[in-house]
Amino acid sequence: MSETPLASAAPATPSTAPSTTPETARPRPATTPLLTPLGLLTVLLGAALPLIDFFIVNVALPTIDRDLHAGPAMLEMVVAGYGVAYATLLVLGGRLGDMVGRRRLFLWGLAAFGLTSLACGLAPDAWSLVAARVAQGAAAALLLPQVLATIQATTSGKRRAKAVSLYGGTAGVSSAVGQVLGGLLVSVDLAGSGWRAVFLVNVPIAAVAWLLAARTVPETRSPHPSRVDAPGTALLALALISLLLPLTEGRAAGWPLWSWLLLAVFPFAAVAFVAVERRAERTGSTPLVPPSLFHIRSVRSGLTMIVPFSVGFGGFMFVVAVALQSGLRYGPLAAGVSLAPLCVAFFLASLAGPRLVQRFGRKVVIAGSLIQGVGLAILALTVHAGWPGIPVAALAPSMTVLGIGQGLVLPVLLRIVLSELPVAQAGVGGGVMVTTQQSGLALGVATLGTLFLALLPSAGIRDAFLAALLTQLAIVVGTTLLGLRLPRTMR
C-alpha cells in the first residue's frame, strides 16, 4: 500500500542520532526555496503516475490476453516486471536524487516514464510489453523518491504536515483510481485503442507535469552527496528479485526449479546485504540503506506497520479486480466504479488526518485499522449473502468504510516514518519507505493473490474471495496490534 521532520541545515551523518529539538526552534534554511502550492500539486501529480500504473493494468489484463495471446504466465510478468523493477531501484533513485539534485531526477524520471509508457502502449507483442513495463518500473523508481525528499527539504511545520498527508492520500487513492481509470479507458475504447489507452494516457500527463515541474519545483540536494554504494545496491536488488520474482511468477509458471532456487537465495542475499551495509557505516563509508536509520523509533515502528498494511492492501486490490470481473461478471467500467466510494472516502479521511493526529496521536492509526477491519467484515457479509447477484451499489457501504479506515492509516504512517529523519537523509529515507511500501504491495499480490487463485478450482470464486478477505482481516488484526508500538505523539 504517513511528525514534522527535522529541517536542520547542518549535515547529518548516518550514525548521528536525530535531534529532539522542537521544529519551531529549527527553521528551514533561508537559502532553500519554498515549495509553492502549484509546485506541491506538480510533485503530487508526478507521484500519482507510477502509483496509478501499479494497479491500472489489473482491469485491462483480460483484454491484453485476448489481443496479444499472452497467457497467464505472461500476464503475471506484465504486472510483476513493473513491480519488481520499481521496488528494486527505489532506494537507488532516492540516493541519486540526493547526489545530483531531486528536481533534476524528477524531470528525468517524468521524461523516462512518459517515453516508456508510450512504448507500452505501442507494444506489438507480449514480450515487448513486458520489456517496456520493466523499463517503466525503472523510470518510476527515479521519479517517486524525489517527491517526499523535495517535500522534506522545502517545507516545514504545518505546511509539511499537510503536504505529507496529501502525499499519503495520493498514494492510497492512486491505487484505487488506477483501477477506476483503467476500467473507464478500456470500456470507452478510444479510437479502437482498447487496453493501450491505459498506458498512452500517461504521455500527455507526464508532458504537462514536466513543464510544470521545470517552472515550479525548486532544486534541492543533500549537503554532502556521496557515491553510490555499488555492493549494497547489487545485494539489495538480488534480495528483492530473489523474493518477489518467484512469488509473483512461480504459480503461473507451475513452480519450476528456478523459482525454488531463487527463494533459496533470498535469505543469504538479505543477510549479506545487512552485513555489507553495517560494515560500510562502521568504516565511515556511506551505505545505500544506513542501518542507523532503523535506530530511529519513528522509522522502525512505522516501517514495521507499513509492511502488513501494504501486503493486505495490494492483495485486496488485485483480488477484488479479478473477483468482480470473473465472479460477478462486471465489465471493466463497473469493476472500476465499484471502487469509487473507497477512493473518495480514503482521500477525505487523509485530509482529516493532520488535525486528528495533533489531538489523538497514534490512536488515529489504531482507530483507522479497526475501521478497516469493520469494512472488510461488511464486505465479506455482503459477498456471502448476495453472491452472485450483487449490484455495484450494494458494495458502496463496505467500500466507504474501508476507504475511511485505510485513509486514517497510510498517510499517518508515512508521516511517522518521516517525522525524525534528518534533511540530509530525506532522499534515502523516502526511498526506503516507498521501497517497503511497494515491496509489500507486490507481496500482497503474490500471497493473497496466489491463495485466491489456488482456491478457485476447488472452492469457486465466492469462497476463494471470502478466504482472501478473511486472511486480510487477520492481517488487519496484526496491524492494529503493531500500532501500539508507534510513538504516542508526533511533533
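Now for a quick tour of the structure. These numbers were taken from a predicted model, which means no experiment stands behind them.

Points about the nonpolar core
In terms of nonpolar packing, the biggest core is built from 110 residues, with Tyr86, Leu144, Tyr167, Phe316, Leu379, Met399 and Phe465 touching the most fellow members. The leading source of residues in this core is helix H17 (residues 426–482), at 17 residues. Leave out the neighbours within four places in its chain, and Phe316 touches Leu342, Leu376, Leu379, Met399, Leu402, Leu448, Leu469 and Gln472. With 25 residues, the next largest nonpolar core counts Ile64, Cys120, Ala126 and Ala132 among its residues.

Quick notes on the packing of helix H12 (residues 297–327) against helix H16 (residues 396–418)
Two elements in contact, H12 and H16, have axes separated by 9 Å at closest approach and are oriented at 150°. Comparing the axis directions of H12 and H16 gives the class roughly antiparallel. For the pair H12 and H16, the crossing hand works out as left-handed. Where H12 abuts H16, its residues Ser298, Val299, Ser301, Gly302, Leu303, Met305, Ile306, Phe309, Phe313, Phe316 and Val320 lie against Met399, Leu402, Gln406, Val409, Leu410, Leu413, Leu414, Ile416 and Val417. Looking at the contact of H12 with H16 residue by residue, the classes come out as 16 nonpolar, four polar and no charged.

A word on a positive patch on the surface
Together, Arg297, Arg300, Lys363, Arg485 and Arg488 make up a region of like positive charge exposed at the surface. Positionally, Arg485 belongs in the segment after H17. Looking at Arg485, the relative accessible area reads 45%, which means it is partly exposed.

What about the pattern of salt bridges?
As enumerated under the stated definition, the model contains three salt bridges in all. Residue Asp53 is joined to Arg133 by a salt bridge in which the shortest nitrogen-to-oxygen separation is 3.6 Å. Within this pair, whereas Asp53 is found in helix H1 (residues 37–56), its partner Arg133 is found in helix H5 (residues 126–143), the two being separated by 80 residues in sequence. Considered together, Asp53 and Arg133 belong to a single accessibility category, that of buried residues. Among the salt bridges present, the one from Arg102 reaches Asp98, with a minimum N-O distance of 2.7 Å. There is no split in this pair, since Arg102 and Asp98 are both buried.

Some details on helix H4 (residues 102–121)
Each α-helix turn comprises 3.6 residues. Residues three or four places apart therefore point the same way. Taking 1.5 Å of rise per residue, the 20 residues of H4 would be expected to cover 28 Å, and the 28 Å separating its terminal C-alpha atoms lies within 8% of that figure. Among the residues making up H4, those that are buried are Arg102, Leu105, Phe106, Leu107, Gly109, Leu110, Phe113, Gly114, Thr116, Ser117, Cys120 and Gly121.

What counts as what
Residues numbered from 1 in each chain as written. Predicted model: local features only at pLDDT ≥ 70, side-chain atom pairs only at ≥ 80, totals over all residues. Heavy atoms only, no water. Core = buried A, V, L, I, M, F, W, Y, C linked by side-chain atoms within 4.5 Å. Buried < 20%, exposed > 50% of the residue type's maximum accessible area, 1.4 Å probe, protein only. Helix = DSSP H or I, 4+ residues; strand = E, 2+ residues; numbered from the N terminus. Contact = heavy atoms within 4.5 Å. Axes fitted to C-alpha atoms, helices over the stretch in contact; angles between N-to-C directions. Parallel < 35°, antiparallel > 145°, perpendicular 65-115°, else oblique. Left-handed = near helix turned anticlockwise from the far one by under 90°. Nonpolar A, V, L, I, M, F, W, Y, C, P; charged D, E, K, R; others polar. Patch = residues over 30% accessible without salt bridge, like charges linked within 9 Å, V, L, I, M, F, W, Y side chains within 5 Å. Areas by Shrake-Rupley, 256 points an atom, 1.4 Å probe, with all protein chains shown as cover. Salt bridge = Lys/Arg side-chain N within 4 Å of Asp/Glu carboxyl O. Lys, Arg positive; Asp, Glu negative; His and termini not counted. Charge placed at Lys NZ, Arg CZ, Asp CG, Glu CD. Expected span 1.5 Å × (residues − 1).

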